[in-house]
Amino acid sequence: MSDGTEMTPRTGAPRWMKILLVVSLALNLLVIGVAAGFAIKGGPKWRGGPPGGAGAMHRALSEADRAELKQRMIRTFRAEKGGRAAFHQEMEGLVALLRAETFDGAAAEERMARLREMFDGRMASAQGLLVEYWGEMSAADRAAYADRLEAEMQRRKR
């Protein structure tokens, strides 16, 4: 006799698998939507940064010039081995200050000032290499670079 509770074999995927499929589909659509938005709008608004600046000077270089200047900077920065060790020492000291039970703001400011000096020195070195590189360019190459730099600055203003 039957008591009305017959067992029928279950067909189809389990419930958790269906939920996982819907979540996966939603995430895929989100990624596709973001990619399409970037393609249509030309990327995020913050990408351009302020007009002018070191980024514009870098982007105005040709690929070959960029690669050559990068190699020069790497050689120059590697030659400053003491600078790298000093930077790591300052950063380790900063980490120790941050982990201390009581925070010493004056000591942190001193460390930050020394780090800023290191960054400023590296920026000055990079700028010097760039000026040196411009000096090696022909007048025509410098004029073409100036045109690309001006165009980059105009693009970034918009």
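In short, a report on the structure. Keep in mind that what you see is a predicted model, and the values were worked out from it rather than measured. (Residues numbered from 1 in each chain as written. Predicted model: local features only at pLDDT ≥ 70, side-chain atom pairs only at ≥ 80, totals over all residues. Heavy atoms only, no water.)

1. A look at the overall build of the protein
Consideration 1: Looking only at helices and strands, the protein has 6 helices and 0 strands in total.
Consideration 2: Listing each helix as α and each strand as β along the protein from the N terminus yields α-α-α-α-α-α.
Consideration 3: In the protein, buried positions account for 17% of the 158 residues.
Consideration 4: Only carbon and sulfur atoms are counted for the fraction: they give 62% of the accessible area of the protein, which is about 12,600 Å². (Helix = DSSP H or I, 4+ residues; strand = E, 2+ residues; numbered from the N terminus. Buried < 20%, exposed > 50% of the residue type's maximum accessible area, 1.4 Å probe, protein only. Areas by Shrake-Rupley, 256 points an atom, 1.4 Å probe, with all protein chains shown as cover.)

2. Structural notes on a positive patch on the surface
Consideration 1: Residues Arg-78, Lys-81, Arg-84 and Arg-122 make up a contiguous surface patch of positive charge.
Consideration 2: Inspection of the secondary structure puts Arg-122 in helix α5 (residues 105-136). (Patch = residues over 30% accessible without salt bridge, like charges linked within 9 Å, V, L, I, M, F, W, Y side chains within 5 Å. Salt bridge = Lys/Arg side-chain N within 4 Å of Asp/Glu carboxyl O. Lys, Arg positive; Asp, Glu negative; His and termini not counted. Charge placed at Lys NZ, Arg CZ, Asp CG, Glu CD.)

3. Section: the packing of helix α3 (residues 63-79) against α5
Consideration 1: Viewed as axis vectors pointing N to C, α3 and α5 meet at an angle of 135°, and their least axial separation amounts to 10 Å. On the basis of their axis angle, the class for α3 and α5 is oblique. Along this stretch, α3 crosses α5, giving a crossing that reads as right-handed. Facing Asp-65, Glu-68, Leu-69, Arg-72, Met-73, Thr-76 and Phe-77 of α3, the residues of α5 in contact are Arg-122, Ser-125, Ala-126, Leu-129, Leu-130, Glu-132, Tyr-133 and Glu-136.
Consideration 2: Residues belonging to the contact of α3 with α5 are distributed by class as follows: 7 nonpolar, 2 polar and 6 charged. (Axes fitted to C-alpha atoms, helices over the stretch in contact; angles between N-to-C directions. Parallel < 35°, antiparallel > 145°, perpendicular 65-115°, else oblique. Left-handed = near helix turned anticlockwise from the far one by under 90°. Contact = heavy atoms within 4.5 Å. Nonpolar A, V, L, I, M, F, W, Y, C, P; charged D, E, K, R; others polar.)

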